[in-house]
Amino acid sequence: MKRRATIILASDVVSFSRLLAENEEETLQRLTTYRRTCESFVLRHEGRIFNTAGDSIMCEFKSPLHAVRAAVDIQEAIRGLNLAFPPNRWLQFRIGIASGEVVDRDGELMGMPINIAARLEKLAKPGGVCISDEIHKAASGGVSVPFIDLGERTVKNIPFPVHAFAIAWPGTAFDQDRSEPAYQRQYLARWAALACATALVVASAVAGWQLADQPADPDIAFAVPSPAQQAAQALVRSTDPTEAFLNLSQKGGLIEDARSAPGLYYKALLFEAKGETSGAHRAYYALARMGLDFVDPHLRYAALVNAHEGKAMARQVYAELQEDAPTRSTALLHALQFEGAERITRLDALIAKHPDFAPAYYFLAKEHSEERLGQSASPRDRQIELAALNKFLKSHRQGRLMDFFLDHAIAAVWVDKARKRRDKLETSLKSVSAMP
């Protein structure tokens, strides 16, 4: 046995017994999916799960900030997963976080921090997070969520009062006995500050999104059309999601409780502009779990994971999405996390299964291009590239390409590049065939 200081996160499911009694098979299947989601965020924030029993999970982290960020990511992801079900079937987690010295017995932890985290979890509202004063002092400045001070609480089997704080998401219900004006002022002041900060980001974004940290691939950069382009696009957009996204891009502002695909995409882009990777992760992940076939948010999400977590994590994320919320877009992004022959094999298989999925042809063409292969590009590679580009552009002419994009400005960039590359290839191939 050895003693050491650590950070403990405890969670369980609200009303789990009732949910299990109503539909055991569905509840257990969803619990497995939700736990997999929790585990991915725990690992992403350098934590580990050391105990599970029934519907509860016990984790430890290296720092208070890692633990709080993981808790926020988990609750935002679970909130997105629950949107597919009626409120009475939501699997809502409560989370408590505490710190202190534990006894480590071959990886199993025991001690007061575990008990305190479990009691703080009981103070949290469904879908909420409750943390100790020590955790609040260490982590509150590193996350973009406000907290409400619950004061000192007497909790079961803890011989001293525990000073607790709760994350104050919009719409969160708090204990009625903590509604003094001082607490209300703190809550409102924090949200006002956050709104002002976001408004500044929106203003800078409208002035020029190029200031944001964009992925290296220009095909997935966020494109903001000119006013003239926006007016033209407004005339041709017939689907609600893309029109809604265009309206949000033009209007600007903060979306407090984004639930739609356009709202989540817009919110994720705002977080990226602010440099808040964790918030962007949450919004993109919630959107990815909706099972929609828009490719541009997936490209942004994969680029974000690649940049901050590496190719292996991006591959793991999209392998899980392929299992839990499979679409043609998740299959495409999973294929793109591989390299060389493996990537081409997966793209070919995707096209064989879904020959009408235009974005796959665009990336297949890139795999056989001179840009990718350099001097090793063969005449056969050029023929495959040209055939793929022609199929991609045919889909555009037939009006089927835009169905795969929330932001039509990105699709327009792809079409322009494809046309230029096709014209260049045709000229080159004609020159070769004309040679004696």
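Keep in mind it's a predicted model, so treat the numbers as computed, not measured.

Trainee: What is the right way to read the nonpolar core from this model?
Mentor: Soluble globular proteins tend to pack their nonpolar side chains together in the buried interior. The biggest cluster of nonpolar side chains holds 91 residues, and the ones touching the most others in it are I97, L332 and F392. If one sorts the elements of this core by residue count, helix α3 (residues 64-82) sits on top with nine residues. Counting residues in hydrophobic clusters, the runner-up holds 21 residues, among them I114, L120, L150 and I158.

Trainee: Looking at this structure, I do not really get the packing of helix α10 (residues 277-288) against helix α11 (residues 295-309). What am I missing?
Mentor: Relative placement of two packed helices is described by the angle separating their axes and the distance separating the axes. Where α10 meets α11, the axes come as close as 10 Å, and the angle between the chain directions of the two elements is 140 degrees. When the axes of α10 and α11 are compared, the pair comes out oblique. For the element pair α10 and α11, the recorded crossing hand is left-handed. Here T277, A280, H281, Y284, Y285, L287 and A288 of α10 lie close against α11, whose contacting residues are P297, H298, R300, Y301, L304, V305, H308 and E309. Classifying every residue of the contact of α10 with α11 gives nine nonpolar, four polar and two charged.

Trainee: I keep staring at the packing of aromatic side chains and nothing clicks. Help me out?
Mentor: How two aromatic rings sit relative to each other is set out by the distance from centre to centre and by the angle between their planes. Using the criterion set out here, one finds 11 aromatic pairs in the structure. Summarising the aromatic geometry, the rings of F363 and W414 are spaced 5.3 Å apart at their centres and angled 85 degrees between planes, so their arrangement reads as edge-to-face. Here W414 lies in helix α18 (residues 408-434) and F363 lies in helix α15 (residues 358-367), a separation of 51 residues in the sequence. Among the aromatic residues, those joined into a cluster by ring pairs are Y362, F363, F392, F405 and W414. Of note, R30 hangs over the ring of F85, and the distance from its end group to the ring centre comes to 3.6 Å. The aromatic ring of F338 is capped on one face by R315, whose charged end is 4.3 Å from the ring centroid.

The rules behind these values
Residues numbered from 1 in each chain as written. Predicted model: local features only at pLDDT ≥ 70, side-chain atom pairs only at ≥ 80, totals over all residues. Heavy atoms only, no water. Core = buried A, V, L, I, M, F, W, Y, C linked by side-chain atoms within 4.5 Å. Buried < 20%, exposed > 50% of the residue type's maximum accessible area, 1.4 Å probe, protein only. Helix = DSSP H or I, 4+ residues; strand = E, 2+ residues; numbered from the N terminus. Axes fitted to C-alpha atoms, helices over the stretch in contact; angles between N-to-C directions. Parallel < 35°, antiparallel > 145°, perpendicular 65-115°, else oblique. Left-handed = near helix turned anticlockwise from the far one by under 90°. Contact = heavy atoms within 4.5 Å. Nonpolar A, V, L, I, M, F, W, Y, C, P; charged D, E, K, R; others polar. Phe/Tyr/Trp six-rings, centres within 6.5 Å; stacked < 30°, edge-to-face > 60°. Lys NZ or Arg CZ within 6 Å of the ring centre and 35° of its normal.

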